[in-house]
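Summary of structural features
In case you want the letters, here they are:
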Amino acid sequence: AITVKSVTVIADSQDKVYGDEDPELTYVGELAFDDVFTGLLDREVGEDVGIYEITQGTLTAGANYDITYVSDYLTITEKAITVTADAQTKVYGDIDPEFTYQITIGSLVGEDVFAGGLSRDAGEDVGNYVINQGTLDVGANYDLSFISDELVITPKLINVTPDAGQYKYEGEVDPVLTYVNDPLVGTDELTGELNREAGETPGAYNILTGTLTAGGNYDIALQPEVFTIYAVDTYT
C-alpha cells in the first residue's frame, strides 16, 4: 500500500506599497522525485493599507500528497506623497487668492483625490505669512508630507491729487494744502499734511508729500501740482 505523503507548505511574508501590483506570492515546500506544485496562493481581498492573510488558494501537489499549509501575511504600506504649496501674493485689502499646490513627489492612485484645503497664518497687514497644510488630506492610504511657502501681502497704492490752483500772496502764511485721494480700506485714514518746496518769493512751488501717510499698508503716489505765491502788487 502506497499512502499519501505529508508535505508542509509555508507561505513567505510579503509587502507592497499602496497602489502597487501584488508581488508574487511565494512559499517553501519539498516534493518527492520530480513532482511539482500547481496552482497559486491567494490572499484576502483588499487594497487599502493593512494586513491581509495569504491563503492556500489553488495550490496543490496532486493526489499523492497531503498538504499542510502554513499561512503568512501580505502587508500593504502607505504610499509616500509630497505636496508643495505655491507661493501667493495679494495687495493689502484684497481677498486671499486660492491657495494652490503641486504634487512634487509621488502621485495619486486611480480615482483618489485630495480633500480639504490649505490655510495660512493669520494677519491682514503688509508682510509675509506662512501657508500651512490646513485641512488638506488624502486619506489613510498615504503618508502625506507638506512643504510650505508664503503669502506675501504688498502695500496698496493710492493716488493723492493736490487741489489745483492753491496759492497765497507773499508775506502771508501758507494755507493748509488740500487734496483728494483714492479710497482706503475699511476705516483706514490718512494722517499728516502735504507741504511744498521751500521759498517765499513769488513763483510756483511743487507740492510735496510732506508728512502725509496712510501707514505701512499703503504706498502713496502724489500727483504733480504746484502751489503759487503771487507778488503783493498782483493782489493790489
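Fair warning: this is a prediction, and the values are worked out from it, not measured in the lab. Here the residue numbering is sequential within each chain, running from 1 through the sequence in written order. Restriction of local features to residues with pLDDT of at least 70 applies here, the model being predicted, together with a cutoff of 80 or more for giving and counting side-chain atom pairs; totals for whole chains, interfaces and linings are based on all residues. The basis for the side-chain values is all heavy atoms of the structure; hydrogens and waters are excluded.

Quick notes on the overall build of the protein chain
- Numbering of helices and strands runs from the N terminus, with a helix taken as a DSSP run of H or I at least four residues long and a strand as a DSSP run of E at least two residues long. Across its full length, the protein chain holds one helix and 21 strands.
- We take the radius of gyration over the C-alpha atoms and set the globule estimate at 2.2 Å times the residue count to the 0.38 power. Against the compact-globule benchmark of 18 Å for 236 residues, the protein chain has a radius of gyration of 39 Å, which places it well outside the compact range.
- Its C-alpha atoms give the protein chain principal-axis dimensions of roughly 145 × 30 × 20 Å.
- Counting the 236 residues in the protein chain, one finds 28% classified as buried.
- Throughout, a contact is declared for two residues whenever any of their heavy atoms are within 4.5 Å. Within the protein chain, contacts between residues at least 6 apart in sequence are counted, and of these 55% link residues at least 24 apart.
- Here, Shrake-Rupley sampling with a 1.4 Å probe gives the accessible areas, and only protein chains in the shown set may cover a residue. A total accessible area of about 14100 Å² is found for the protein chain, and carbon and sulfur atoms account for 50% of it. Relative accessibility decides the category of a residue: with a 1.4 Å probe and only protein chains considered, values under 20% of the type maximum give buried, values over 50% give exposed, and everything between is partly exposed.

Let's talk about the sheet that holds strand 11 (residues 119-120)
- When DSSP finds two or more bridges between a pair of strands, those strands are recorded as paired. Taking strand neighbours across the sheet as the criterion, the four strands line up as 9-14-12-11 in an open arrangement whose pairing is mixed. Only two strands of the sheet have a single partner each, and these edge strands are strand 9 (88-91) and strand 11.
- Pairing of strand 12 (residues 127-132) with strand 14 (residues 150-154) involves four bridges; the strand directions are antiparallel. Note that in strand 14 the partner of asparagine 128 across the bridge is valine 152.

Quick word on the pairing of strand 12
- What you see with strand 12 is a clean split: Gly127, Tyr129 and Ile131 sit on the buried side and Asn128, Val130 and Asn132 on the side with no burial.
- Pairing geometry for strand 11 and strand 12, over two bridges, is antiparallel. By the bridge assignment for strand 12, serine 119 is matched with asparagine 132.
- Counting the residues in the hairpin turn of strand 11 and strand 12 gives six residues, including glycine 123, whose phi is positive at 140°.

Brief notes about the environment of threonine 228
- Note that threonine 228 resides in strand 21 (residues 226-230).
- Threonine 228 sits 63 residues away from glycine 165 along the chain, and the two C-alpha atoms are 7.5 Å apart.
- Once residues within four sequence positions are removed from consideration, threonine 228 is found in contact with Gln166, Tyr167, Lys168, Gly203 and Ala204.

Thoughts on unusual backbone geometry
- With a phi close to 55°, phenylalanine 33 is a non-glycine residue in the positive phi region.
- Positionally, phenylalanine 33 belongs in the loop between strand 3 (27-28) and strand 4 (42-43).

Here we look at a nonpolar patch on the surface
- Candidate patch residues must exceed 30% relative accessible area and have no salt bridge, after which like charges are joined if within 9 Å and Val, Leu, Ile, Met, Phe, Trp or Tyr side chains if within 5 Å. Each reported salt bridge corresponds to a side-chain nitrogen of Lys or Arg within 4 Å of a carboxyl oxygen of Asp or Glu. There is a patch of nonpolar side chains on the surface, built from Ile10, Val28 and Val70 and spanning about 230 Å² of accessible area.
- Assignment of secondary structure puts valine 28 in strand 3.

A word on the packing of aromatic side chains
- Stacked, tilted and edge-to-face are the three classes assigned to paired rings of Phe, Tyr and Trp, where Trp is represented by its six-membered ring and a pair needs centres within 6.5 Å; plane angles under 30 degrees give stacked, over 60 edge-to-face, the rest tilted. According to the stated counting rule, one finds seven aromatic pairs in the structure shown.
- Seen in terms of ring centroids, tyrosine 18 and tyrosine 142 are 5.4 Å apart; in terms of plane orientation they differ by 75°. Their pairing is edge-to-face. Residue tyrosine 18 is located in the loop between strand 2 (14-17) and strand 3, and its partner tyrosine 142 is located in strand 13 (residues 142-147); the two are separated by 124 residues in the primary sequence.
- The interplanar angle of 80° and the centroid separation of 5.4 Å between the aromatic rings of tyrosine 27 and phenylalanine 37 together place this pair among those described as edge-to-face. Of this pair, tyrosine 27 sits in strand 3 while phenylalanine 37 sits in the loop between strand 3 and strand 4; the two residues are ten residues apart in sequence, bridging distant segments of the chain.
- Relative accessible area serves as the criterion here: at 27%, tyrosine 27 is assigned to the partly exposed category.
- Either the NZ atom of lysine or the CZ atom of arginine qualifies as a charge over a ring when it sits within 6 Å of the ring centre and within 35 degrees of the ring normal. The positively charged end of arginine 43 is found above the aromatic ring belonging to tyrosine 52, 5.2 Å away from the centroid.

Here we look at the side chain of threonine 84
- Within the element layout of this structure, threonine 84 appears in strand 8 (residues 79-85).
- In protein, a polar contact requires one atom able to donate a hydrogen and another able to accept it; more generally it is a pair of N or O atoms within 3.5 Å, and residues adjacent in sequence count only if both atoms are side-chain atoms. Within the structure, the side chain of threonine 84 is placed 2.9 Å from the side chain of threonine 104, a separation counted as a polar contact.
- Not counting residues within four places of it along the chain, the set of residues in contact with threonine 84 comprises Tyr101, Gln102, Thr104 and Ile147.

Side note on the sheet that holds strand 6 (residues 65-70)
- The three strands lie next to each other as 3-1-6, forming an open sheet whose pairing is mixed. In this open sheet, the two edge strands, each paired with only one partner strand, are strand 3 and strand 6.
- Relative to strand 3, strand 1 (residues 5-11) runs antiparallel, the two being bridged by two bridges. Paired with alanine 11 across the two strands is tyrosine 27, which belongs to strand 3.

Some points on the pattern of salt bridges
- The full count for this structure, using the stated rule, is twelve salt bridges.
- Lysine 168 is the salt-bridge partner of aspartate 174, the closest N and O atoms lying 2.7 Å from each other.
- Taking the relative accessible area as the measure of exposure, lysine 168 reaches 2% and is therefore buried.
- Where arginine 196 meets glutamate 200, a salt bridge forms, and the shortest distance between an N and an O atom there is 2.9 Å.

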